[in-house]
Amino acid sequence: MRARYRFLLATLAGLILGAIIHIVIILTIPAFTDRDVYGLLEHTSHDDAPDFISMPESGSGLPWMAHADPAVNLAVCVYDLRKGPYLLSVSGETAFQSVSFHAQKGNVYFAVTDQAQVHGRNEFIIATDNQMAQLVQSGDYDSYYSHTIKVFSPTTKGVIVLRSFTPYPSAKQLSENSAALAECHRLTAQDQLRSQSPELEETIPQDLLPPRRGGI
Amino acid sequence: MLIRQEVFQSSIPKRPFWLPAWPPSIEWLVLYALLLALIIGFGSALWMLRTPYPFGKEHNGPWVYWPEIGSSDIDPYAMAIVTQKARLPLGVNEGLELLATTDSTGRALYASCHYTLGNSISQARYWTITVYGTGTPAFHNVNAARANFTSSEIVRNEQGAFTINLSRDAASGNWIKLPKSGKFFIVLRLYDLPTTEDRVGLGQYRLPEITLQGCSS
């Protein structure tokens, strides 16, 4: 009788310990996986020209891309804020465009659609809490970037996803161009200059610009 | 008395090597508890990480969706799946993905059958409907036959309603070609819903019905 009681006690202990192991595994997977979305896309980012990379439907290194929406052009920009905040500029010339901001592990912390556009553009500053506080305190934010949306990144590394909707197959080129024209790079002194003199925009070759809306 | 017991013991079969002598020793009990914990712990964790997401599922007809995956309210299981499978979920304000693996009566979807999908969808700025086979490649784009429709392309009737034929053989009107064989599933994506509250209250939304029209052998 006593032996049976001990056996049941051991079973109970095993089950409780099993439940603890289960919880520990689930909660620590994000911390121990380096094949997360950032890890898989990190190689697409270069310090000189970190910009949006259009993802092909397959063979992108992201297995689920095979199940992505074929009517959406998906472009990603991988950021690392350790050397400074990022500037993101999206022109939104397609029927529908949205931007989602993902922390290093892939979870969304902010998302916005082209309904938030100002003068046909969506501009964002992505920074950590400290970097943003510095930008605001130094007065740089008010002087140069007051037209941008402040995005506080919970992690120093992350991924920005730009989705450009293609309502008809013939509009595919338009959404690809739109993704190619989107900018995503570390804040530079040039950005301050450009925000002061918008005519610099004119130096972009016209054939690089997507056609006006309504041209579809 | 002694003789009787010997007779009894010789009649029971020899115990397997992994079973301990009864009563079990403390060492055996500890080893047993640890092994049990490891099997239960790892087994159940791996089981929960199979897709789709285990919690927070909402239903509307044949469609299922997970309203909290694209928000900061994401649960730890979904978080583990998103990380481990390197997914980029749609954000709360961007849109919503709905998945159908059955028709409106709850039967699994087979590529050898003919279905109609219709006839209306509640408000969203754009929507897309895409059919995926369960084999590889998942998105079958054979012979330029279409596997998806967007809300801009669809042909509607006078009331603004629409019907999409899902079958292997060509059909008139809106037609999506099904994969050669096996099961398939449908993903409905609603982009730019009017407000974020709407995605939680999507139970009242009008979503398309999936109706079985017949099967060929």
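Residue numbers run consecutively from 1 along every chain, following the written order of its sequence. Written order decides the labels, with chains lettered from A and ligands numbered from 1. Residues qualify for local features only when their pLDDT is at least 70, as the model is predicted, and side-chain atom pairs are given and counted only at 80 or more; totals for whole chains, interfaces and linings, by contrast, use all residues. Excluding hydrogens and water, the side-chain figures rest on all heavy atoms present in the structure.

Novice: For the overall build of chain A, give the residues involved together with the corresponding values.
Specialist: The helix and strand tally for chain A stands at 6 helices and 9 strands. Relative accessibility under 20% of the residue-type maximum defines a buried residue, over 50% an exposed one, and the middle range a partly exposed one, all with a 1.4 Å probe and only protein chains included. When each of the 216 residues of chain A is scored for burial, the buried share is 51%. The contact criterion used is simple: two residues touch if any of their non-hydrogen atoms lie within 4.5 Å. Long-range pairs, those at least 24 residues apart, make up 73% of the contacts in chain A with a sequence separation of at least 6. Accessibility throughout is a Shrake-Rupley quantity obtained with a 1.4 Å probe, and a residue counts as covered only by protein chains that appear here. Accessible surface computed for chain A: about 10,900 Å², of which carbon and sulfur atoms make up 57%. Each helix is a run of H or I in the DSSP string that is no shorter than four residues. Each strand is a run of E no shorter than two, and both are numbered from the N terminus.

Novice: Lay out unusual backbone geometry with the relevant residues and their values.
Specialist: Residue and element names in this part refer to chain B. Residue N119 is reached from G118 by a cis peptide bond, and omega for that bond is 0°. With a phi angle near 55°, A86 is a residue other than glycine that sits in the positive phi range. Its location among the elements puts A86 in the loop between α3 (76–84) and β3 (95–100).

Novice: Account for the confidence of the model for chain A, with residues named and values stated.
Specialist: Reading predicted coordinates in detail is not appropriate for stretches of low pLDDT. On average, residues of chain A score 81 in pLDDT, and 81% of them reach the 70 mark or higher. Within a predicted model, pLDDT stands for the predictor's per-residue confidence, ranging from 0 to 100. In the model, residues 212–216 of chain A has pLDDT below 50 throughout and makes 8 contacts with residues more than four positions away in sequence or in other chains.

Novice: Describe in detail the interface of chain A and chain B, supporting the description with residues and values.
Specialist: The partner chain B presents 54 residues to the 55 residues of chain A that form the contact. For the pair chain A and chain B, the summed buried surface comes to about 4,500 Å²; carbon and sulfur atoms form 70% of the total. Accessible-area loss on putting two parts together, using a 1.4 Å probe and summing over both, is the definition of buried area adopted here. Per-residue buried area on chain A facing chain B is highest for A:H22, A:I26 and A:H67; these three make up 12% of the total on that side. One speaks of a salt bridge when a side-chain nitrogen belonging to Lys or Arg is within 4 Å of a carboxyl oxygen belonging to Asp or Glu. For the interface between chain A and chain B, the tally reads 2 salt bridges. In this structure, the salt-bridge partner of B:E94 is A:R163, at a minimum N-O distance of 3.4 Å. In the analysis that follows, any N or O atom pair within 3.5 Å is treated as a polar contact, provided that within protein one partner can donate a hydrogen and the other can accept it, and provided that, for residues neighboring in sequence, both atoms belong to side chains. Counting across the chain A and chain B interface gives 18 residue pairs in polar contact (both at pLDDT 80 or more). Of the residues forming the side of chain A that touches chain B, the biggest block, 17 residues, is contributed by helix α1 (residues 2–32) of chain A. Residue polarity follows a fixed list, in which Ala, Val, Leu, Ile, Met, Phe, Trp, Tyr, Cys and Pro are nonpolar, Asp, Glu, Lys and Arg are charged, and the others, Gly among them, are polar. Considered class by class, the residues forming the side of chain A that touches chain B number 32 nonpolar, 14 polar and 9 charged.

Novice: Explain the state of the cysteines residue by residue, including any values.
Specialist: A pair of sulfur atoms, both from cysteines and within 2.5 Å, is called a disulfide here. If you walk through the whole model with that rule in mind, you get 2 disulfides over all chains. In this model, A:C77 is linked to A:C184 through a disulfide, with the two sulfur atoms separated by 1.9 Å. Because the sign of the S-S torsion sets the handedness, a value of about -65° for the bond joining A:C77 and A:C184 places this disulfide among the left-handed ones. Placement of A:C77 in strand β2 (residues 72–80) and of A:C184 in strand β9 (residues 183–186) is noted, with a sequence separation of 107 residues between them. Each member of the pair A:C77 and A:C184 is classed as buried. Disulfide partner of B:C113: B:C215, at an S-S distance of 1.9 Å.

Novice: Please give an account of the environment of B:S151 that cites residues and values.
Specialist: All names here are of chain B. Its location among the elements puts S151 in the loop between β6 (148–150) and β7 (162–167). Judged by its relative accessible area of 11%, S151 falls in the buried class. Taking C-alpha positions, S151 is 14 Å from G95, a pair spaced 56 residues apart along the chain. With sequence-adjacent residues up to four places away left out, S151 is seen in contact with R125, Y126, W127 and R156.

Novice: Give me the lowdown on the UniProt feature "transmembrane region" (unreviewed entry) in chain B, citing residues and values where you can.
Specialist: Sites flagged by UniProt as "transmembrane region" (unreviewed entry) map to residues 28–49 of chain B. A helix fraction of 95% and a strand fraction of 0% characterise residues 28–49 of chain B, whose end C-alpha atoms lie 32 Å from each other. UniProt positions are given in the numbering used here, feature names are shortened, and annotations may be inferred rather than shown by experiment.

Novice: How would you explain the UniProt feature "transmembrane region" (unreviewed entry) in chain A if you had to name every residue and give the values?
Specialist: Sites flagged by UniProt as "transmembrane region" (unreviewed entry) map to residues 7–32 of chain A. Structurally, residues 7–32 of chain A comprises 100% helix and 0% strand, and the distance from its first C-alpha atom to its last is 35 Å.

Novice: Before we move on, could you go through helix α2 (residues 26–48) of chain B and cite the residues and values that matter?
Specialist: Over its 23 residues, α2(B) extends 33 Å from the first C-alpha to the last, a length consistent with the 33 Å expected when each residue adds 1.5 Å. Within α2(B) the residues assigned to the buried category are B:L29, B:A33, B:L36, B:A37, B:G41, B:A45 and B:M48. Those residues of α2(B) hidden inside the fold are in contact with α1 of chain A together with α3 of chain B. Take the residue count of a helix, subtract one, and multiply by 1.5 Å to get its expected span.

Novice: Outline the sheet that holds strand β4 (residues 97–103) of chain A, listing residues and values.
Specialist: Residue and element names in this part refer to chain A. Taking strand neighbours across the sheet as the criterion, the 5 strands line up as β1-β2-β8-β4-β5 in an open arrangement whose pairing is antiparallel. Both outer strands of the open sheet, β1 (53–54) and β5 (108–113), are each paired with one neighbouring strand and no more. Here β4 runs beside β5; their pairing, made up of 5 bridges, is antiparallel. Paired with F101 across the two strands is F110, which belongs to β5. Fitting a line to C-alpha atoms yields each axis, with helices limited to the stretch in contact; the angle taken between N-to-C directions then spans 0 to 180 degrees. Running over the sheet, helix α5 (residues 172–181) touches β1, β2, β4 and β8 (157–165) and is turned about 150° from β8. Whether two strands pair comes down to DSSP finding at least two bridges between them.

Novice: A description of the nonpolar core should follow, citing residues and the corresponding values.
Specialist: The biggest cluster of nonpolar side chains holds 31 residues, and the ones touching the most others in it are B:L166, B:I186 and B:L190. Of all the secondary structure elements, the ones that give two or more residues to this core are β2 (63–65), β3, β4 (113–119), β5 (126–133), β7 and β9 (184–191) of chain B. Among the elements that make up this core, the one with the highest residue count is β9(B) (4 residues). Other than its neighbours up to four places away in sequence, B:L190 contacts B:E94, B:G95, B:L96, B:L98, B:I121, B:A124, B:Y126, B:W127, B:L202 and B:L207. The nonpolar core is taken to be a set of buried Ala, Val, Leu, Ile, Met, Phe, Trp, Tyr and Cys residues, with the residues joined through side-chain atoms within 4.5 Å. Listed in part, the 23 residues of the second largest apolar core include A:I26, B:W66, B:A78 and B:L99.

Novice: Pulling in residues and values, what's your account of the packing of aromatic side chains?
Specialist: The pairing test for Phe, Tyr and Trp rings, Trp by its six-membered ring, is centres within 6.5 Å, and the orientation test on the planes gives stacked under 30 degrees, edge-to-face over 60, and tilted for anything in between. The final tally for this structure, using the stated rule, is 17 aromatic pairs over all chains. Between the aromatic rings of A:F165 and B:Y191, the centroid separation amounts to 5.6 Å while the plane-to-plane angle is 55°, which identifies the pairing as tilted. Here B:Y191 lies in strand β9 and A:F165 lies in strand β8, a pairing that spans two chains. A relative accessible area of 2% means that B:Y191 is categorised as buried. Members of the aromatic cluster, each reached through a chain of ring pairs, are A:F96, A:F165, B:Y126 and B:Y191. Between the NZ or CZ atom of B:R50 and the centre of the ring of B:W47, over which it lies, the distance is 3.7 Å. Geometrically, a charge over a ring is one whose NZ (Lys) or CZ (Arg) sits within 6 Å of the ring centre while staying within 35 degrees of the ring normal.

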